[in-house]
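# Observations on the three-dimensional arrangement
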Amino acid sequence: METRSIPIQVEKEKPSKAVRLASLDALRGFDMLMISGGGAFIFLLGGKTGIDFIDAVALQFEHPEWNGFTFFDFIFPLFLFLAGTSMAFSLTGGLAKGIGKQELAIKIFKRMLILIILGILDKNAPIDIFDPAHIRYGSVLGRIGLATFVGALLYMNYSWTTRLYLGVAILVLYYLALILIPVPGFGAGDLSFEGNLIGWFDRNFMPGKLKQGTYDELALLTQFPALCLTIFGSLAGDILLASHTAGEKLKRHIILGAVGIISGLIWNSVFPINKHLWSSSFIMLTGGMAFLLLAVFYWVIDVKGYKRWSFFFRVIGMNSLVIYLAVRFVDFNASSKLLFEGFYKYAPENWHEVYNALGGFLLVWLFLYFLYRNKIFVKV
C-alpha cells in the first residue's frame, strides 16, 4: 500500500521535469465509473424517461450476444490501453532512477501473479480449492497482469516502431489463424460461437471451468490480441512522455486514433468486430477510440488546465483496484436500500432500482473519497 503517488520522469531519451498527468487518472476513473455502477445506472434508465435519446444511450450499456459493438464493449479494452500508458510512465521513471531492467521485470512478474490470484478469487468466490476442475481461471485482473508483464518486457527491450509492428503483426497472425486453421467438425474460417478456433482451443487446453461452458473469452488465445491494446497504450505513453509540443502530441494521437478506427471498420468486413473473440477488427477499433479519448482528456485537463471538473473521476481512478474488488465483495446496493429507500419509496416503483443504483454508487464514491483524503492508494 502506498501513501502517496510518486512522480515520474518524462521522455526516455531527453528527460525533463517530473510530471503526473491528471488526465490519465481522470480517464481511468471514467472507465472505472462505468464498471463500478455508472454503466448499470445508465442501462437502468432505459425505457423509463420516455426520451428516445436516453433509451438509445442505455442500449449502449449491454453487450451484443456475438458480433457487433456497443460502447460498453469499449470499457475493458480502454483499461488495458491505459494500463500500457501508465506502464510507460512508471517504467521510464524506474529506469531514470537507475533501477535495472531485470529488477523491474521481477517486480512486474510478481504483480502479475498477484493479479492472477486476485482474479481467480474474484471470478470464483466462494472458491472451492478442493475442486480445481470447477474453478474459472480466466479473469479480467489476470488478463491485465499478463498483458502488462509481457508489455513491459517489450517496452524495455524494443523501440516504439518495433512495438507498433509487433502489435499489428500479432493481430494479422491472429486473424490468419482463425481463418486458415481448420477446427474439427467445423473446418477453417468458422467464426460462429460453436465453431471458432478460440473455443475449440479453450475446450481442449484450458484447465478448469469455461465461462459459457464451451467457451471463455478470457481464456488462452484471446490473450494475444488483448496484449496489443497494452502495446498500443505504451505507444501513447511514449508520445506523452516525449519532448514534443502539446499540439504535436495531440496530432499524433488523433492520427493513430483515426487509423485504428478506420482499419477496424474496414477489417470488420472480413473479420467481424466481436468482443467475445477479441477479433483484430475489435482491437483496432477500440485501440483507435482509446487514442482519441485520451487525446481529449489530455487536451482539456493537462493542456488547457480545466482540472476541477475531473476531480470526481480522479478520485475513482487513483484507486482502481480497490473499487474493482470492492464492488464485487461489498454489497453497496444493499446498503443503499437500507439508507435511502425511505426517500425513494414514494417514487414510481419502476424507478426504485434506478435510485437505489444511484445511491449505491454514491456510497462507492464516498468510500473512495475517504481513501483519497487520507492519501491511501492501494496498488500492486
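Look up a bit, the structure's there.
None of the values given here were measured: they were computed from a predicted structure.

### Some points on the overall build of the chain
Assigned secondary structure in the chain consists of 14 helices and zero strands. Scanning the chain from its N terminus toward the C terminus, one meets helices and strands in the order α-α-α-α-α-α-α-α-α-α-α-α-α-α. For 380 residues, the compact-globule formula gives about 21 Å, and the C-alpha radius of gyration of the chain, at 21 Å, lands near that figure. Judged by the C-alpha coordinates and their principal axes, the chain covers about 60 × 60 × 50 Å.

### A short note on the pattern of salt bridges
Proximity of charged atoms lets side chains of opposite charge pair with each other. For the structure on display, the rule yields seven salt bridges. Of the charged contacts, one joins Glu217 and Lys275 as a salt bridge, the two residues approaching to 2.6 Å between their closest N and O atoms. Note that Glu217 is positioned in the loop between helix H7 (197-205) and helix H8 (223-241) and Lys275 in the loop between helix H9 (246-267) and helix H10 (280-303), a separation of 58 residues in sequence. The pair Glu217 / Lys275 is uniform in exposure class, with both members buried.

### So, the packing of helix H3 (residues 75-96) against H10
Running from N to C, H3 and H10 point in directions that differ by 60°, and their axes come no closer than 9 Å. By the angle class used here, H3 and H10 are oblique. The handedness of the crossing between H3 and H10 comes out as right-handed. Across the interface between the two elements, Pro77, Leu78, Phe81 and Thr85 from H3 touch Phe282, Thr286, Gly287, Ala290, Phe291, Leu293 and Leu294 from H10. Across the contact of H3 with H10, the residue classes break down as eight nonpolar, three polar and no charged.

### With respect to the packing of helix H12 (residues 320-329) against helix H14 (residues 352-373)
Between H12 and H14, the shortest axis-to-axis distance is 11 Å and the interhelical angle comes to 140°. Judged on the interaxial angle alone, H14 and H12 are oblique. Crossing angle aside, the handedness with which H12 passes H14 is right-handed. When H12 is examined against H14, the residues Val322, Ile323, Ala326 and Val327 are found in contact with a partner set consisting of Val364, Phe367, Leu368 and Leu371. Residues belonging to the contact of H12 with H14 are distributed by class as follows: eight nonpolar, no polar and no charged.

### Digging into the nonpolar core
Judged by nonpolar contacts, the single largest core of 94 residues is most densely connected at Phe232 and Trp278. At 13 residues, the largest contribution of residues to this core is made by H10. Discounting chain neighbours no more than four positions away, the residues touching Trp278 are Phe76, Pro77, Leu80, Arg143, Tyr174, Glu217, Leu218, Thr222, Pro225, Ala226, Leu229 and Ile283. Leu44, Leu45, Trp351 and Ala357 belong to the second largest nonpolar core, which has five residues in total.

### Section: unusual backbone geometry
The omega torsion across Ala125 and Pro126 is -5°, close enough to zero to call that bond cis. Among the structural elements, Pro126 can be located in the loop between helix H4 (101-124) and helix H5 (140-157). Look at Trp278: it is not a glycine, yet its phi comes out positive at around 50°. Phi at Lys375 is positive, roughly 55°, even though this residue is not glycine. Mapped onto the elements, Lys375 comes out in the segment after H14.

### Observations concerning H3
For H3, with 22 residues, the first-to-last C-alpha span of 32 Å sits near the 32 Å given by 1.5 Å per residue. Within H3, 19 of the 22 residues are buried, which leaves it mostly tucked inside the rest of the structure. Count one or two residues on from H3 and you reach Gly98, which has phi positive near 90°.

### Brief notes about the environment of Gly288
Structurally, Gly288 is set in helix H10. The class of Gly288 is buried, set by a relative accessible area of 1%. The spacing of Gly288 and Ala236 is 52 residues in sequence and 11 Å in space, taken between C-alpha atoms. What Gly288 contacts, discounting residues up to four positions off in sequence, is Leu256, Gly257, Gly260 and Ile261.

### Quick word on the environment of Thr222
As for its placement among the helices and strands, Thr222 is situated in the loop between H7 and H8. Owing to a relative accessible area of 0%, Thr222 belongs among the buried residues under this scheme. Considering only alpha carbons, one finds Thr222 and Arg143, 79 residues apart in sequence, at a separation of 9.5 Å. Excluding anything up to four places from it in sequence, Thr222 contacts Arg143, Tyr174, Ile198, Tyr215, Glu217, His276, Leu277 and Trp278. Within the structure, the side chain of Thr222 is placed 2.6 Å from the side chain of Arg143, a separation counted as a polar contact. At 2.8 Å, the side chain of Thr222 forms a polar contact with the backbone oxygen of Glu217.

### Description of the side chain of Ser139
With respect to the helices and strands, Ser139 occurs in the loop between H4 and H5. Note on Ser139: relative accessible area 2%, which makes it buried. At 2.9 Å, the side chain of Ser139 forms a polar contact with the backbone nitrogen of Gly142.

Reading guide: rules and limits
Residues numbered from 1 in each chain as written. Predicted model: local features only at pLDDT ≥ 70, side-chain atom pairs only at ≥ 80, totals over all residues. Heavy atoms only, no water. Helix = DSSP H or I, 4+ residues; strand = E, 2+ residues; numbered from the N terminus. Rg over C-alpha atoms; globule rule 2.2 N^0.38 Å. Salt bridge = Lys/Arg side-chain N within 4 Å of Asp/Glu carboxyl O. Buried < 20%, exposed > 50% of the residue type's maximum accessible area, 1.4 Å probe, protein only. Axes fitted to C-alpha atoms, helices over the stretch in contact; angles between N-to-C directions. Parallel < 35°, antiparallel > 145°, perpendicular 65-115°, else oblique. Left-handed = near helix turned anticlockwise from the far one by under 90°. Contact = heavy atoms within 4.5 Å. Nonpolar A, V, L, I, M, F, W, Y, C, P; charged D, E, K, R; others polar. Core = buried A, V, L, I, M, F, W, Y, C linked by side-chain atoms within 4.5 Å. Expected span 1.5 Å × (residues − 1). Polar contact = N/O pair within 3.5 Å; in protein donor to acceptor, adjacent residues only side chain to side chain.

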